[in-house]
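# Geometric and topological summary
As a plain string of letters, each chain reads:
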Amino acid sequence: MGQRWRATGVLTAALFAVNVVARLVIRFAFPDDDTAASRVSLVMFLVIGLILAGAAFRWGAARPLGHWAGDLALAVVAALALTVFVGPLLVGENPFGGGAGLFFAQIWLYLAATAAGVLVGYLTLTALGRDFRSRQLKRYAEMKQARPRKIVRR
């Protein structure tokens, strides 16, 4: 059980670290360039999506969907809360400084990037037939074929 929470915590920390790095790059490398800031934000969302695709791919192979989906959702919600409320404070900004529109746009973009990453990872895993359920069905089919047929006499 401790291993499970550790993995969720590491994923949360990794997602938050990507956001902090992106904020620091925007703050120090492109302080007044909105176009560059948008590009760095796009790269940040892509990296977050890739991290979650990798997590869904790895966790989906080892455990049933119901077991790892909650852990992944918890990590995403925790990282989102840190990103929205703590991230701006680390670079000297107010979390609500850009107004409600920017605040909620950040949340929706984050959720879209995370959902896309999880879908890409899990759908790739399923398409390759390496997800937990596909492997379970394959073992069942092999076990059924390995048993000799029962002969019924009249």
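See the structure above.
What you see is a predicted model, and the numbers here were worked out from it, not measured in a lab. (Residues numbered from 1 in each chain as written. Predicted model: local features only at pLDDT ≥ 70, side-chain atom pairs only at ≥ 80, totals over all residues. Heavy atoms only, no water.)

## A word on helix 1 (residues 2-29)
In this model, helix 1 (28 residues) spans 40 Å end to end at C-alpha, consistent with the 40 Å of a helix rising 1.5 Å per residue. Buried within helix 1 are the following residues: Thr8, Leu11, Thr12, Leu15, Phe16, Val18, Asn19, Val20, Ala22 and Arg23. Against the buried residues of helix 1 lie helix 2 (34-62), helix 3 (65-90) and helix 4 (100-127). (Helix = DSSP H or I, 4+ residues; strand = E, 2+ residues; numbered from the N terminus. Expected span 1.5 Å × (residues − 1). Buried < 20%, exposed > 50% of the residue type's maximum accessible area, 1.4 Å probe, protein only. Contact = heavy atoms within 4.5 Å.)

## Details of the packing of helix 3 against helix 4
Running from amino to carboxyl end, helix 3 crosses helix 4 at an angle of 150°, the nearest separation of the two axes being 11 Å. When the interaxial angle is binned, helix 3 and helix 4 end up roughly antiparallel. Every pair of crossing elements has a handedness; the one defined by helix 3 and helix 4 is right-handed. From helix 3, Leu65, Trp68, Leu72, Val76, Ala79, Leu80, Thr83, Val84 and Phe85 reach across to helix 4, where they touch Phe103, Gln106, Ile107, Tyr110, Leu111, Thr114, Val118 and Tyr122. (Axes fitted to C-alpha atoms, helices over the stretch in contact; angles between N-to-C directions. Parallel < 35°, antiparallel > 145°, perpendicular 65-115°, else oblique. Left-handed = near helix turned anticlockwise from the far one by under 90°.)

## Regarding helix 3
Its 26 residues place the ends of helix 3 35 Å apart at the C-alpha level, agreeing with the 38 Å of an ideal helix rising 1.5 Å per residue. Of all bends in helix 3, the biggest is about 40°, found at threonine 83. Three or more residues of helix 3 are buried, namely Trp68, Asp71, Leu72, Ala75, Val76, Ala79, Leu80, Thr83, Val84, Gly87 and Pro88. Residues of helix 3 that are buried in the fold lie against helix 1, helix 2 and helix 4. Once helix 3 ends, the next one or two residues include glycine 92, with phi positive near 80°. (Bend = angle between axes of the 7 residues up to and from the residue.)

## What about the side chain of aspartate 71?
Within the fold, aspartate 71 resides in helix 3. A residue is classified by how much of its surface remains accessible, and aspartate 71, at 3% relative accessible area, is buried. Not counting chain neighbours up to four residues away, the residues in contact with aspartate 71 comprise Arg4, Thr8, Trp59 and Arg63.

## Some thoughts on the nonpolar core
Formed by 23 residues in total, the largest nonpolar core has its most connected members in Leu11, Leu15, Met44, Ile48, Leu52, Leu72 and Tyr110. Secondary-structure elements contributing two or more residues to this core are helix 1, helix 2, helix 3 and helix 4. At 8 residues, helix 2 tops the list of elements feeding residues into this core. Among residues more than four places away in sequence, those in contact with leucine 72 are Leu11, Leu52, Ala55, Ala56, Trp59 and Val118. (Core = buried A, V, L, I, M, F, W, Y, C linked by side-chain atoms within 4.5 Å.)

## Some words on the environment of arginine 149
Note on placement: arginine 149 falls in the segment after helix 5 (132-146). Residue classification places arginine 149 among the exposed residues on the basis of a relative accessible area of 78%. Each C-alpha atom, one on arginine 149 and one on tryptophan 59, is 37 Å from the other, the two residues being 90 residues apart in sequence.

## Let's talk about the side chain of asparagine 19
With respect to the secondary-structure elements, asparagine 19 resides in helix 1. A distance of 2.8 Å separates polar atoms of two side chains, one belonging to asparagine 19 and the other to arginine 23. When near neighbours in sequence (up to four residues on either side) are disregarded, asparagine 19 contacts Met44, Thr83 and Gly87. (Polar contact = N/O pair within 3.5 Å; in protein donor to acceptor, adjacent residues only side chain to side chain.)

## Structural notes on the layout of surface pockets
For the largest pocket, the calculated volume is near 710 Å³. Sorting elements by how many residues they give to the lining of the largest pocket places helix 2 first, with 6 residues. A per-class count over the lining of the largest pocket returns 14 nonpolar, 7 polar and 5 charged. (1 Å grid on protein atoms, 1.4 Å probe; cavity = no way out; pocket = protein on both sides within 12 Å on 5 of 7 lines; lining within 4 Å. Points joined across faces, edges and corners; volume = space filled by probe spheres on them. Nonpolar A, V, L, I, M, F, W, Y, C, P; charged D, E, K, R; others polar.)

## Thoughts on the environment of arginine 58
With respect to the helices and strands, arginine 58 occurs in helix 2. The exposure class of arginine 58 is exposed, given its relative accessible area of 66%.

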